[in-house]
Amino acid sequence: MPSGRNIFIKLAVLCLLTCCAAGPMRQEVTLPPNFKSYDSRYYIIQTDLTGDDVREATLRMTKMAEEYHDRTRDFSGTISQRLPFYLFQNKADYMKAGGMPGSAGVFDGQRLMAVAGASTSRMTWHVVQHEGFHQFADSVIRGDLPIWVNEGLAEYFGEGIFTGDGFVTGVIPNSRLLRIQKIMDDPDGFMPISHMMAVTGHEWNSKLMMTNYDQAWSMVQFLAHGENGKYQAAFSGYMRDVGKGKPSAKAWQDNFGDAEGFEKSWRAYWVDLPKNSTLNLYMRASVATATSVLARATAQKQGYDSFDEFARAAKGGEIKIADSDWLPPELVKHAADQAEKYGTWSLGRELNKQRTIVADLEDGTRLTGAFVLRGGKVDKVTVDVDDLKPTLANAQELITAGKKEEARKLVQEGISKNQKSAVIDQARKFLVENK
């Protein structure tokens, strides 16, 4: 699944190398005469796209802003007024409006602008999600963000996967993982962490390098997910301190200690990371997307006896979706594609007899997608990940290696996260047998 994004990542790399961070370009926008304005919840969208492309932009931008807020709520504010977003069909019109030469999108210090082409694509949305974070940060995150944090978080959200009712962030494409590991093997690859933290916005933009984007993203990814989320609280503390005006170096020292210790842990994390390391997140996105489609089918009284039947209907464009709960047609067709690549998929039922999407992976991990309807529309989509079975297998390996305390801690954490697991009794028995 991750390797399927390789071509897209290469294209996005070309765009990122020509997209600068926020800059003072507050000039008047010259727009084509066929541009129209659309008010969404958080944005004023101005575009010459039409039909489903406009609907997709409206939906994605709403969910994108909510994802920014949800993931930064510990250190950011909220969007208090609609933000300007300009989406162009033609590159020439984008350039005439003030777009950066050679780029496909930019936040210019006030406006978010992007080129869609004849219709939007995954590359379009990667760029918009990246540049859109710069706009969000400028609007609601207090303090002067260091460039590595601003660009690292922008790339973190740029990699996010849209599911119809939300985003899944934190994914690591295999192509990018391999590139980072290769750079780490090069003595002249990434700069020392202490140097990266001291880079100014002017220095970053004067010599745009994909290596710098990779390093900033890998640092943020590690802070958000490394070592089972060990650094999340400290990262939030660092961001809050920066937001209060504390110098970045002092904020880092107060929350993390010295950069040298962080660098060793960061490098070890990426060097040891295996291929498909975020498969569960890719699967979460796939299950969430399929569940979003199933929820809308259920709202329209469409029932299915098996997942295969549901998948055929999705691929064939046979699922009816209310206009008020619209999803992009391509997303609906894509909802069942991944079922053919990873895991065993089925339809389950909740206690309320409502259908769920169930995906079982080879290692025993089970993902269950469920939804809530309110007023005939989708109110919520959730994905529960039960990884207690593979956790038990890992714990048993630790016992064999003579690491009993480590094994017990692993299982205790697994039980805490998987209270409804089908193997929770086995996990409790493991703890009793390995006192």
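Scroll up for the structure.
Cut-offs used in this document
Residues numbered from 1 in each chain as written. Predicted model: local features only at pLDDT ≥ 70, side-chain atom pairs only at ≥ 80, totals over all residues. Heavy atoms only, no water. Helix = DSSP H or I, 4+ residues; strand = E, 2+ residues; numbered from the N terminus. Rg over C-alpha atoms; globule rule 2.2 N^0.38 Å. Buried < 20%, exposed > 50% of the residue type's maximum accessible area, 1.4 Å probe, protein only. Contact = heavy atoms within 4.5 Å. Areas by Shrake-Rupley, 256 points an atom, 1.4 Å probe, with all protein chains shown as cover. Lys, Arg positive; Asp, Glu negative; His and termini not counted. Charge placed at Lys NZ, Arg CZ, Asp CG, Glu CD. Core = buried A, V, L, I, M, F, W, Y, C linked by side-chain atoms within 4.5 Å. Expected span 1.5 Å × (residues − 1). Salt bridge = Lys/Arg side-chain N within 4 Å of Asp/Glu carboxyl O. Pairing = 2+ DSSP bridges. Axes fitted to C-alpha atoms, helices over the stretch in contact; angles between N-to-C directions.

Side note on the overall build of the protein
- Each helix and strand in the protein was counted, giving 18 helices and 11 strands.
- For 435 residues, the compact-globule formula gives about 22 Å, and the C-alpha radius of gyration of the protein, at 23 Å, lands near that figure.
- C-alpha atoms of the protein, sized along the principal axes, occupy 70 × 55 × 35 Å.
- The burial tally for the protein puts 54% of its 435 residues in the buried class.
- Counting only contacts in the protein whose residues sit at least 6 apart along the sequence, the fraction spanning at least 24 positions is 67%.
- Taken as a whole, the protein presents about 20,400 Å² of accessible surface, with 48% of it coming from carbon and sulfur.
- Looking at charge distribution, the protein has the averaged site of its 53 positive side-chain charges lying 4 Å from that of its 54 negative ones.

Quick word on the nonpolar core
- Ranked by size, the top nonpolar core spans 103 residues in total, and within it Tyr-43, Trp-148, Tyr-238 and Trp-270 carry the most contacts.
- Apart from the residues within four sequence positions on either side, Tyr-238 is in contact with Pro-146, Trp-148, Val-149, Ser-248, Ala-251, Trp-252, Asn-255 and Phe-256.
- Judged by nonpolar contacts, the second largest core, of 12 residues, contains Leu-388, Ala-407, Ile-415 and Leu-431.

Side note on helix α10 (residues 232-243)
- Here α10 is 12 residues long and its end C-alpha atoms lie 16 Å apart, about the 16 Å a rise of 1.5 Å per residue gives.
- For α10, a buried count of nine out of 12 residues is recorded, marking the element as mostly surrounded by other parts of the structure.
- Considered for burial, the residues of α10 that qualify are Ala-234, Phe-235, Ser-236, Gly-237, Tyr-238, Met-239, Asp-241, Val-242 and Gly-243.
- After α10 finishes, the residue Gly-245 shows a positive phi value of roughly 100°.

Quick look at the pattern of salt bridges
- If you walk through the whole model with that rule in mind, you get 22 salt bridges.
- The salt bridge partner of Asp-323 is Arg-55, with a shortest N-O separation of 2.8 Å. Of this pair, Asp-323 sits in the loop between α14 (307-315) and α15 (329-334) while Arg-55 is found in helix α2 (residues 51-72), placing the two residues 268 residues apart along the sequence.
- Taking the relative accessible area as the measure of exposure, Asp-323 reaches 58% and is therefore exposed.
- Taking the relative accessible area as the measure of exposure, Arg-55 reaches 28% and is therefore partly exposed.
- The salt bridge partner of Asp-214 is Arg-176, with a shortest N-O separation of 2.7 Å. Separated by 38 residues along the polypeptide, Asp-214 in helix α9 (residues 210-229) and Arg-176 in helix α6 (residues 174-185) bring together distant segments of the chain.
- Looking at Asp-214, the relative accessible area reads 0%, which means it is buried.
- Judged by its relative accessible area of 1%, Arg-176 is buried.
- One network of salt bridges, in which partners are shared, links Glu-155, Glu-159, Arg-176, Arg-179 and Asp-214.

Quick notes on the sheet that holds strand β9 (residues 355-360)
- Across the sheet, four strands lie side by side as β8-β9-β10-β11; this open sheet has antiparallel pairing. The sheet is open, and its two borders are formed by β8 (344-349) and β11 (377-386), each paired with just one other strand. Pairwise comparison of adjacent strand axes, ignoring direction, gives a mean angle of 20° for this sheet.
- Relative to strand β10 (residues 366-374), β9 runs antiparallel, the two sharing four bridges. Among the inter-strand pairings, Ala-359 is bridged to a residue of β10, identified as Leu-367.

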